[in-house]
Amino acid sequence: MTRRIRSIAAALVAALLPGTAAAQSADDIVGLRAGMSFDEVVSLVEQRDDVTLVETAEQWVRQSHGIPTRQLLRGSNGVACVEGEKALRAGGHVVCDTMRGRFEARKEVTNEIMIAFIGMPGEERAAIVWRRLVFPEDQAPTVAGLVEALTQKYGAPRVQAMDSGYYSMSHRPGTTALNWLYDPSGTSIQGNDSLLSRCVNGPKPWFSAKHSWNGGCGLTIRAEIVPQPGSALLAQELNVSVLHQRDLLLALGQFDADLKAAVEQQAQGATVKPEL
């Protein structure tokens, strides 16, 4: 396990650097991006040597109503919690938690990839990608080094903050937040403080049960660097998320309509009509 943890930290900067694409056009996390099919995502996640378990969950943002949807995928390392081991909070995250029965309870997770999907069975498309990396104290990269690596991949952040404020109301104390924000046409948002605030404060850099989205926002990339306890210069954790907010909202509308039609079709002929 120690060797695996060290390899994650050592390879971090290389994993964040862009490939042949220009830095400003990067829209992925380790090759995973919104719009990819379920099979494409699974293939990439299963090939990673820092992932030992891949799991799917039927529901996340929408109730499936009995339709076998696949709305979440998690790829992670770590070890399984023993039976009866209670969930507890460690390093700002709950370990040995099943996320309301969605996934296996695990601990010592240092690498976690989460992908949210929208679409009917066999037609799922990735909508949001998250990645969380946790660094051991003796292998911690510097906060400045992570900021540099993120900037090399995604370009200069449109908004960078170290404290809660107008552009970062969901800011967690002591963290460094970086944000790359575009409108639906792909143009970097400039000079529109209200839109910038809405685009930043909807989706979170870390996976959560609750998010919000805005149709005036396009590609949105958010990163959060959590410092080591007692050292503002060394990083303990990195969270990154990528999504296209307007595309997500449009896809959710279609998903809702498709789910409704599928449930109504299943119910036809199966429901005994009462005598009226």
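In the block above lies the structure referred to throughout.
All values reported here derive from a predicted model rather than from experimental measurement.

**Student:** Got a sec to walk through the pairing of strand β8 (residues 125-134)? Specific residues and values, please.
**Tutor:** For β8, a buried count of 8 out of 10 residues is recorded, marking the element as mostly surrounded by other parts of the structure. Across 8 bridges, the pairing between strand β7 (residues 111-118) and β8 is antiparallel. Bridged to Ile118 within β8 is Arg125. Between the antiparallel neighbours β7 and β8 lie 6 residues, among them Gly119 with a positive phi of about 135 degrees. Where β8 and strand β12 (residues 231-244) come together, 7 bridges link them in antiparallel fashion. Each residue of the ladder has a partner; that of Ile128, found in β12, is Leu243.

**Student:** Break down the pattern of salt bridges for me, with residues and values.
**Tutor:** Tallied over the entire structure, the rule returns 14 salt bridges. Where Glu112 meets Arg74, a salt bridge forms, and the shortest distance between an N and an O atom there is 3.5 Å. In this pair, Glu112 sits in strand β7 while Arg74 sits in strand β2 (residues 72-76), placing the two residues 38 residues apart along the sequence. Residue classification places Glu112 among the buried positions, given a relative accessible area of 11%. The salt bridge partner of Arg172 is Glu224, with a shortest N-O separation of 2.7 Å. In this pair, Arg172 sits in the loop between β9 (159-161) and β10 (176-181) while Glu224 sits in strand β11 (residues 219-228), placing the two residues 52 residues apart along the sequence. Residue Arg172 is classed as partly exposed on the basis of its relative accessible area, which comes to 22%. Residue classification places Glu224 among the buried positions, given a relative accessible area of 1%. Residues joined in a network through salt bridges with shared partners are Asp27, Asp28, Arg33 and Lys153.

**Student:** Lay out the pairing of β11 in plain terms, naming residues and giving numbers.
**Tutor:** Burial runs high along β11: 10 of the 10 residues are buried. Inspection of the sheet shows β10 paired to β11 by 6 bridges, in the antiparallel sense. Its bridge partner lying in β11, Asn179 is registered against Arg222. Pairing of β11 with β12 involves 10 bridges; the strand directions are antiparallel. Its bridge partner being in β12, Ile221 is matched across the sheet by Val242. In this structure, the hairpin formed by β11 and β12 is closed by a connection of 2 residues, where Gly230 is found at a positive phi of approximately 85 degrees.

**Student:** Pulling in residues and values, what's your account of the packing of aromatic side chains?
**Tutor:** Going through the model one piece at a time under the given rule, you end up with 6 aromatic pairs. Seen in terms of ring centroids, Trp60 and Trp130 are 5.6 Å apart; in terms of plane orientation they differ by 85 degrees. Their pairing is edge-to-face. Of this pair, Trp60 sits in the loop between β1 (53-57) and β2 while Trp130 sits in strand β8, and the two are 70 residues apart along the sequence. For the pair Trp130 and Phe207, a centre-to-centre distance of 5.0 Å together with 90 degrees between the ring planes defines the contact as edge-to-face. Taken together, the residues span a long stretch of sequence, with Trp130 in strand β8 and Phe207 in the loop between α5 (193-200) and β11 at a distance of 77 residues. Residue Phe207 is classed as partly exposed on the basis of its relative accessible area of 22%. Connected via pairs of aromatic rings, a cluster forms that spans Trp60, Trp130, Phe207 and Trp213. Here the guanidinium or amino end of Arg70 rests over the ring plane of Phe38, the centre of that ring lying 3.8 Å away.

Criteria and thresholds
- Residues numbered from 1 in each chain as written.
- Predicted model: local features only at pLDDT ≥ 70, side-chain atom pairs only at ≥ 80, totals over all residues.
- Heavy atoms only, no water.
- Buried < 20%, exposed > 50% of the residue type's maximum accessible area, 1.4 Å probe, protein only.
- Helix = DSSP H or I, 4+ residues; strand = E, 2+ residues; numbered from the N terminus.
- Pairing = 2+ DSSP bridges.
- Salt bridge = Lys/Arg side-chain N within 4 Å of Asp/Glu carboxyl O.
- Phe/Tyr/Trp six-rings, centres within 6.5 Å; stacked < 30°, edge-to-face > 60°.
- Lys NZ or Arg CZ within 6 Å of the ring centre and 35° of its normal.

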